[in-house]
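Spelled out from the first residue to the last, the chains are:
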Amino acid sequence: MADSTEGDPNQGQPNLSVLTQYVKDQSFENPEAPRSLGPRRTAPSINIGINVSANPLDAEDFEVELRLEGKATDGDQVLFVAELLYAGIFRIANVPKENLAPLLMIECPRLLFPFARQILADMTRNGGFPPLLIDPVDFTALYRQRLMEFSQNQPTGRPS
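Given the structure is predicted, the values throughout are model-derived calculations rather than measurements.

Please clarify how the side chain of Thr-124 should be interpreted in this entry.
Position of Thr-124 relative to the elements: it lies in helix α1 (residues 97-126). Residue classification places Thr-124 among the buried residues on the basis of a relative accessible area of 0%.

Can you walk me through the confidence of the model for the chain in this structure?
Detail in the predicted coordinates should be disregarded across regions flagged by low pLDDT. In the predicted model, the chain carries a mean pLDDT of 89, and the fraction of residues at 70 or more is 89%. Mean pLDDT per element in the chain: helix α2 (residues 139-152) is the minimum at 88, and strand β1 (residues 15-29) is the maximum at 97. Segment residues 1-5: pLDDT under 50, and one contact once partners within four positions in sequence are set aside and those in other chains are kept.

Looking at this model, I keep getting lost on the pattern of salt bridges. Mind explaining?
Where side chains of opposite charge bring their charged atoms close, a pairing between them can arise. According to the stated counting rule, one finds seven salt bridges in the structure shown. Between Lys-24 and Glu-63 there is a salt bridge, with the nearest N and O atoms lying 3.0 Å from each other. With Lys-24 in strand β1 and Glu-63 in strand β3 (residues 61-74), this pair connects stretches of sequence that are 39 residues apart. By relative accessible area, Glu-63 is classed as buried at 10%. For Arg-91, the salt bridge is made with Asp-61, and the minimal N-O distance between the two is 2.7 Å. Here Asp-61 lies in strand β3 and Arg-91 lies in strand β4 (residues 77-93), a separation of 30 residues in the sequence. Of the residues examined, Asp-61 reaches a relative accessible area of 8% and is grouped as buried. The network of salt bridges with common partners includes Lys-24, Glu-63 and Glu-65.

Hey, could you run me through the sheet that holds strand β2 (residues 45-56) in this one?
Within a sheet, each strand pairs with its neighbour through backbone hydrogen bonds, oriented either parallel or antiparallel. Pairing within the open sheet is antiparallel, and its four strands lie in the order β1-β4-β3-β2. The two strands at the open ends of the sheet, each matched to only one other strand, are β1 and β2. In this sheet, adjacent strand axes meet at a mean angle of 15 degrees when their direction is disregarded. With 13 bridges joining them, β1 and β4 adopt antiparallel strand pairing. In the sheet register, Ser-17 faces β4, and the bridge partner there is Arg-91. In the packing of α1 onto the sheet, the strands contacted are β1, β2, β3 and β4, and the crossing angle to β4 comes to about 140 degrees. Relative to β2, α2 is tilted by about 75 degrees, and along the sheet it contacts β2 and β3.

How each quantity is defined
- Residues numbered from 1 in each chain as written.
- Predicted model: local features only at pLDDT ≥ 70, side-chain atom pairs only at ≥ 80, totals over all residues.
- Heavy atoms only, no water.
- Helix = DSSP H or I, 4+ residues; strand = E, 2+ residues; numbered from the N terminus.
- Buried < 20%, exposed > 50% of the residue type's maximum accessible area, 1.4 Å probe, protein only.
- pLDDT = per-residue confidence, 0-100.
- Contact = heavy atoms within 4.5 Å.
- Salt bridge = Lys/Arg side-chain N within 4 Å of Asp/Glu carboxyl O.
- Pairing = 2+ DSSP bridges.
- Axes fitted to C-alpha atoms, helices over the stretch in contact; angles between N-to-C directions.

What follows is the structure, given as C-alpha cells:
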C-alpha cells in the first residue's frame, strides 16, 4: 500500500493559513463629550501608532497581534483616543527558519490590517467623529526599522 502523501504536489511546499482572527482588546475614549463634538476652526492633530508582535503557540501555529492607536487633539484638549489590539492565529508550515520572522512580522499583519483599519474607522465614527482611516502601512519598512533599532540596542560583544 502506497503512502497517501507520496506524489502529493503540495508536500513540502511553504504554506501560510489564517486559522482565525479576532478583536483581543478595544477601547474608545471621548473624554470631553459632548463639547469635543462641536464644529472646529482648525483640523485636529492626529497621532497614529502601529505595533506588531508574534508569539508561538506550537510548532506551526502563531498568534500575531496588530496594535493600532489613534489620538486626536486640539491644542491641549484630547478629542478622542482609540486603541485596538487585533490578532490572528496563523499556521505556517514548511518555511525555512530564516524566513519565519519576516513572514510573521510583514505578511501576517498585512493580512490583518484591512480588518483592523475598518474596526478603528467604525469606532471613531460611532464615537461621533469622522472615521479615522489609516493609510496603508508598509510593514516591510516597519520590520526593517525594528531590526535596526534592535541591532543598535545590542551590545557588540567585542572586547575593549
